[in-house]
Amino acid sequence: MKNSDKTRLRIGKIGKTHGVRGELRINSLTDFPERFEGMTEVYVNDELMEIKSVRYQNDVVLMSFKGIENREEAAALTGRYLFVNREDAVELEEGEYYTIDIIGLEVYDKETGTHLGTVTDVLSTGSNDVYVAAPVEKGQKDILIPALKTVVSEIDIDGGRMVVTLPEEMD
C-alpha cells in the first residue's frame with residue numbers, strides 16, 4: 001500500500017470483479033460509504049483514475065473506471081486501494097479523527113505523564129474503536145486503548161500526542 005504521507009485518505013479496497021464489463025466490487029474502508037456517489041475520480045494506489053460509474057447492490061459498492069472495459073482488465077486492479085485527497089474528504093465533527101491522523105501519536109498516562117508508547121493501528125470492533133500502541137519498553141505486549149471518552153482524555157493531532165487513563169486491569 002502506498003501513501004505513507006498524510007495528504008490522501010484511504011477510502012476503499014478493490015475486491016473481485018463483478019460481471020464481464022469491467023465492474024469491480026469495492027470494500028468500503030470509510031464510515032461514509034455514501035461518499036462514493038457522485039465521485040468522478042479517485043486514486044488507485046498512486047494512479048489517478050476517472051470513474052465511469054458507481055452503483056450499490058445491497059451493501060456492496062460497484063464501480064467501473066474509464067478505460068477498463070472487461071473482466072480481465074478489471075481483475076488486474078484487484079487488491080489495490082482507493083484514496084482521495086485530504087481536501088476532498090468528508091468533513092468530520094468535533095472530536096472525530098481520521099485513522100491516518102491517530103496512527104503515530106505518542107501516548108501518555110494522564111496521572112503520571114509517563115510516555116507509554118506510540119499508536120501503530122486502529123481496530124474497528126463495532127462498538128468502539130481500539131487504538132493499538134507499541135509500548136516504549138521492548139518485549140512488552142501492545143497496549144490496547146479503548147477509544148472511549150472515559151479512557152482517552154486528550155487527542156492533540158498537531159502536538160502528536162494522546163493522553164489516556166487506562167483501566168486498572170490494563171495497567
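Up top is the structure.
Source: prediction; values computed, not measured. Every chain's residues receive numbers from 1 upward, in the order its sequence appears when written. It should be noted that, the model being predicted, local features are given only for residues of pLDDT at least 70 and side-chain atom pairs only at 80 or more, the latter also being counted only at that level, while totals for whole chains, interfaces and linings use all residues. Excluded from the side-chain calculation are hydrogens and water; included are all heavy atoms of the structure.

## Digging into the environment of Pro135
Right, so step 1: Every helix listed is a DSSP run of H or I at least four residues long, and every strand listed is a run of E at least two residues long, numbered separately from the N terminus. Mapped onto the elements of the fold, Pro135 is located in strand E9 (residues 129–135).
Right, so step 2: In this structure, the C-alpha to C-alpha distance between Pro135 and Glu106, residues 29 residues apart in sequence, is 10.0 Å.
Right, so step 3: Contacts were defined at the residue level, with two residues in contact if any of their heavy atoms lie within 4.5 Å. Once residues lying within four places of it in the same chain are set aside, the contact partners of Pro135 are Leu116, Gly117, Gln140, Lys141, Asp142 and Ile143.

## What about the packing of aromatic side chains?
Right, so step 1: Only Phe, Tyr and Trp rings are paired, with Trp represented by its six-membered ring, and only when their centres lie within 6.5 Å; those with planes under 30 degrees apart are stacked, over 60 edge-to-face, the remainder tilted. Scanning the entire structure with this criterion turns up zero aromatic pairs.
Right, so step 2: Directly above the ring of Tyr43 sits Arg8, whose terminal nitrogen or CZ lies 3.6 Å from the centroid.
Right, so step 3: Two limits define a charge over a ring: the Lys NZ or Arg CZ must be within 6 Å of the ring centre, and within 35 degrees of the ring normal. Over the ring of Tyr108 we find Arg161; its NZ or CZ atom is 4.2 Å from the centre of that ring.

## What about the pairing of E9?
Right, so step 1: The buried label applies to any residue whose accessible area, calculated with a 1.4 Å probe on protein chains only, is under 20% of its type's maximum; exposed applies above 50%, and partly exposed to all values in between. Counting buried positions along E9 gives five out of seven residues, so the element sits mostly inside the fold.
Right, so step 2: Two strands pair under a simple rule: DSSP has to find at least two bridges between them. Summarising the sheet, strand E8 (residues 115–124) and E9 pair through seven bridges and their orientation is antiparallel. Looking across to E9, one finds that Thr118 is bridged to Ala134.
Right, so step 3: Alignment of E9 against strand E10 (residues 143–146), held across four bridges, turns out to be antiparallel. By the bridge assignment, Ala133 is partnered in E10 with Ile143.

## Considerations on the nonpolar core
Right, so step 1: Membership of the largest hydrophobic core comes to 21 residues, with the highest contact counts inside it found for Val42, Phe65 and Leu82.
Right, so step 2: Secondary structure elements with two or more residues in this core: strand E1 (8–18), strand E2 (23–28), strand E3 (41–44), strand E4 (47–57), strand E5 (60–65) and strand E6 (81–85).
Right, so step 3: Residue contacts for Val42: discarding those within four places in its chain leaves Ile11, Glu47, Leu48, Met49, Ile51, Phe65, Leu82, Phe83 and Val84.
Right, so step 4: To qualify as a nonpolar core, a set must consist of buried Ala, Val, Leu, Ile, Met, Phe, Trp, Tyr and Cys residues joined through side-chain atoms within 4.5 Å. Val107, Val122, Ile145 and Leu166 belong to the second-largest nonpolar core, a separate cluster that totals 16 residues.

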